[in-house]
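Close look at the chain arrangement
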Amino acid sequence: MLAERARRDLETERLTVIQPGAWLSILTTDPQFAWLRALSELIVDLDVFLESDPAPAEDDASAIRAEVERLIAPSSVPGTETEFSQHYWRYVHDEPSVAVVHGEIRQVLDRLPVPADVDEGDALHERHGWAAARRHRV
């Protein structure tokens, strides 16, 4: 949904229709769309993590919640938003379908255990572990 909105924005900007193959190339290589790759990488990491054996424990579920919230959370300090957050919140406010999906994401996250005070170093270490597992599966 975010990628589709970004595509429409680019087509409007360029006054052209972008073909699917060209769009895939733009998404994966154009620095203008690096912000979307943060979400793609998190999704892949979570897929690998959730398929692991043994299944994730409750503290793992809270780590997942913290990681997703970290990505989608608006900044509490104006001017310090991540590039992903800047685009994401603009689309949440401008695109009804994105707002609906955001609400669904919030409902899912609210069912996961609340992370205790998350140590940023531990969270980064955990995410590197997910990425390492992904690399070993490929």
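A short tour of the structure in this document, coming up.

For the chain, the helix and strand inventory stands at 7 helices and 0 strands. When the helices and strands of the chain are listed from N to C terminus, the series reads α-α-α-α-α-α-α. A total of 138 residues make up the chain; the buried ones form 33% of that total. Split by element, the accessible area of the chain, about 8,800 Å² in all, is 58% carbon and sulfur.

Among the secondary structure elements, L46 is positioned in helix α3 (residues 34–50). Since its relative accessible area comes to 12%, L46 is described here as buried. With 21 residues separating them along the chain, L46 and E67 place their C-alpha atoms 9.6 Å apart.

This part covers the packing of aromatic side chains. Enumeration according to the criterion identifies 5 aromatic pairs in this entry. When the ring of F84 is compared with that of Y88, the centres are 5.4 Å apart and the planes differ by 20°; the resulting orientation is stacked. With F84 and Y88 both in helix α5 (residues 83–94), this residue pair falls 4 residues apart, about one helical turn. As far as the burial class goes, F84 and Y88 line up, both buried. When the ring of Y88 is compared with that of W89, the centres are 5.4 Å apart and the planes differ by 90°; the resulting orientation is edge-to-face. The same class applies to Y88 and to W89, which are both buried. Every member of this aromatic cluster is reached through a ring pair, and the members are W35, F84, Y88, W89 and Y91.

With that settled, consider the packing of α3 against helix α4 (residues 58–72). At a minimum axis separation of 11 Å, α3 and α4 run at an interaxial angle of 175°. If you check the angle between α3 and α4, you find them roughly antiparallel. Residues A38, L39, L42, L46, F49 and L50 of α3 form the contact with α4, whose participating residues are D60, I64, E67, V68 and L71. Across the contact of α3 with α4, the residue classes tally to 9 nonpolar, no polar and 2 charged.

Among the nonpolar cores identified, the biggest contains 24 residues, and L2, W23, F33 and W35 are the most heavily contacted of them. Those elements that provide at least two residues to this core are α1 (2–14), α2 (20–29), α3, α4, α5 and α6 (96–111).

A few words now on α4. Relative to the 21 Å expected for 15 residues at 1.5 Å per residue, α4 spans 21 Å between its end C-alpha atoms, a close match to the ideal helical length. Judged by how many residues are buried, α4 sits mostly within the fold: 11 of 15 residues are covered. Buried within α4 we find D60, A61, S62, I64, R65, A66, E67, V68, E69, L71 and I72.

Moving on to the environment of R8. Take R8: it is sitting in helix α1. On the basis of relative accessibility, which here comes to 35%, the residue R8 falls in the partly exposed class. Distance in space between the C-alpha atoms of R8 and I18 is 8.9 Å, their sequence separation being 10 residues.

Closest axis-to-axis distance for the α1/α2 pair is 12 Å, and the angle between their directions is 105°. One way to sum up the angle between α1 and α2 is to call them roughly perpendicular. For the pair α1 and α2, the contacting residues are A3, A6, R7, L10 and R14 in the first and P20, W23, I26 and L27 in the second. Split into classes, the residues belonging to the contact of α1 with α2 amount to 7 nonpolar, no polar and 2 charged.

Calculation notes
- Residues numbered from 1 in each chain as written.
- Predicted model: local features only at pLDDT ≥ 70, side-chain atom pairs only at ≥ 80, totals over all residues.
- Heavy atoms only, no water.
- Helix = DSSP H or I, 4+ residues; strand = E, 2+ residues; numbered from the N terminus.
- Buried < 20%, exposed > 50% of the residue type's maximum accessible area, 1.4 Å probe, protein only.
- Areas by Shrake-Rupley, 256 points an atom, 1.4 Å probe, with all protein chains shown as cover.
- Phe/Tyr/Trp six-rings, centres within 6.5 Å; stacked < 30°, edge-to-face > 60°.
- Axes fitted to C-alpha atoms, helices over the stretch in contact; angles between N-to-C directions.
- Parallel < 35°, antiparallel > 145°, perpendicular 65-115°, else oblique.
- Contact = heavy atoms within 4.5 Å.
- Nonpolar A, V, L, I, M, F, W, Y, C, P; charged D, E, K, R; others polar.
- Core = buried A, V, L, I, M, F, W, Y, C linked by side-chain atoms within 4.5 Å.
- Expected span 1.5 Å × (residues − 1).

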